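Understanding the architecture of this molecule
Residue-level listing of the chains:
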Amino acid sequence: MKRLKNILKYTVIIALTIILCRGFLYRSLVKYNKINVRKNMALTNVNLINEIDAQIKNKILNIEDVIDLSNQITSEKLKFTFNKAPSNPNNTLIKNRAHCVGYAALFNAIRNHILKHQNMTEHYEFTHLVGKLHVLGYDIHNVFDRPFFKDHDFNAKRNKISGKTIFTDPSVRDYLRIKRVRLK
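Here's what I pulled together on the structure shown here. (Residues numbered from 1 in each chain as written. Predicted model: local features only at pLDDT ≥ 70, side-chain atom pairs only at ≥ 80, totals over all residues. Heavy atoms only, no water.)

Description of a nonpolar patch on the surface
Formally: Nonpolar side chains (Val, Leu, Ile, Met, Phe, Trp, Tyr) are joined into patches within 5 Å and like charges within 9 Å, using only residues with over 30% relative accessible area and no salt bridge. Per-residue and other accessible areas follow the Shrake-Rupley method at a 1.4 Å probe size, with only the shown protein chains counted as cover for residues. Salt-bridge detection follows one rule: a side-chain nitrogen of Lys or Arg within 4 Å of a carboxyl oxygen of Asp or Glu. Runs of E in the DSSP output that reach at least two residues are strands. Runs of H or I that reach at least four are helices, and both are numbered from the N terminus.
Where nonpolar side chains cluster on the molecular surface, the patch consists of Tyr10, Ile13, Ile14, Ile18, Phe24, Leu25, Leu29 and Leu136 and spans about 830 Å² of accessible area. Secondary-structure elements contributing two or more residues to the nonpolar patch are helix H1 (2-20) and helix H2 (22-29). Looking at the nonpolar patch, the element that brings in the most residues is H1, giving four residues. As for its position among the elements, Ile14 is in helix H1.

In structure tokens form, the structure reads like this:
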């Protein structure tokens, strides 16, 4: 009985440690390698634009608020799918399903829309990136034969004044609640 209690206690401790340190663990184990940049797409979906504008009306947001709100809206609007899905952010809203390309495109379009309306475009730049994931230094895309796994989309935020860039992955953020990722 005492042995079972010890096993349970250590299992709970390990599980809590993994949950609480998931961002650090993920960034330590998984690195992103940028291989391409996708063209930014503007939001044209009137319903989403009106919803965003209502949320930011009469508010002055800082850059973290912009990122958090963009993540929140993206997570509310999309569910991840391994099936074929649109990559245009305005079309992902029709089925509410997307893979990493759709997540990154919608997230980027929302951020750029808010950035423009908050008059922050002189200070920040958002980019939709394509990359490869490396787990413990190994390119995991070589393991899979399906075209779905040929690459992975994520995003970058660059401060034009300081030059500092922060990388985010909205699909990972949606499911693992990890806000930042690390470039290789």
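Okay, back to it.
Quick look at helix H3 (residues 46-56)
For clarity, the threshold we go by: Think of it in three bands: with a 1.4 Å probe and only protein chains considered, a residue is buried below 20% of the maximum accessible area for its type, exposed above 50%, and partly exposed in between. Note that the arc is defined by the directions from the helix axis to the C-beta atoms. Note on definitions: a residue-residue contact is assigned when non-hydrogen atoms from the two residues lie within 4.5 Å. Polar contact is defined as a pair of N or O atoms within 3.5 Å, subject to the rule that within protein one atom must be able to donate a hydrogen and the other to accept it, and that residues adjacent in sequence are counted only when both atoms are side-chain atoms.
The complete set of buried residues in H3 reads Leu48, Ile49, Ile52 and Ile56. The buried residues of H3 occupy an angular sector of 100 degrees when projected down its axis, which confines them to one face. What points out from H3, more than 90 degrees from its buried face, is the exposed set Val46, Asn47 and Ala54. Each element contacted by the buried residues of H3 is listed here: helix H4 (63-77), helix H5 (89-95) and helix H6 (100-117). Measuring from the side-chain oxygen of the N-cap residue of H3 to the backbone nitrogen of Asn47 gives 3.2 Å; that N-cap residue is Asn45. Positioned one or two residues after H3, Asn58 has a phi angle of 60 degrees, which is positive.

What to know about the environment of Thr165
Checked against the element boundaries, Thr165 lands in strand E7 (residues 165-168). The exposure class of Thr165 is partly exposed, given its relative accessible area of 31%. Sequence-wise, Thr165 and Glu125 are 40 residues apart; in three dimensions their C-alpha atoms are separated by 9.3 Å. With sequence-adjacent residues up to four places away left out, Thr165 is seen in contact with Ala156, Lys157 and Arg158.

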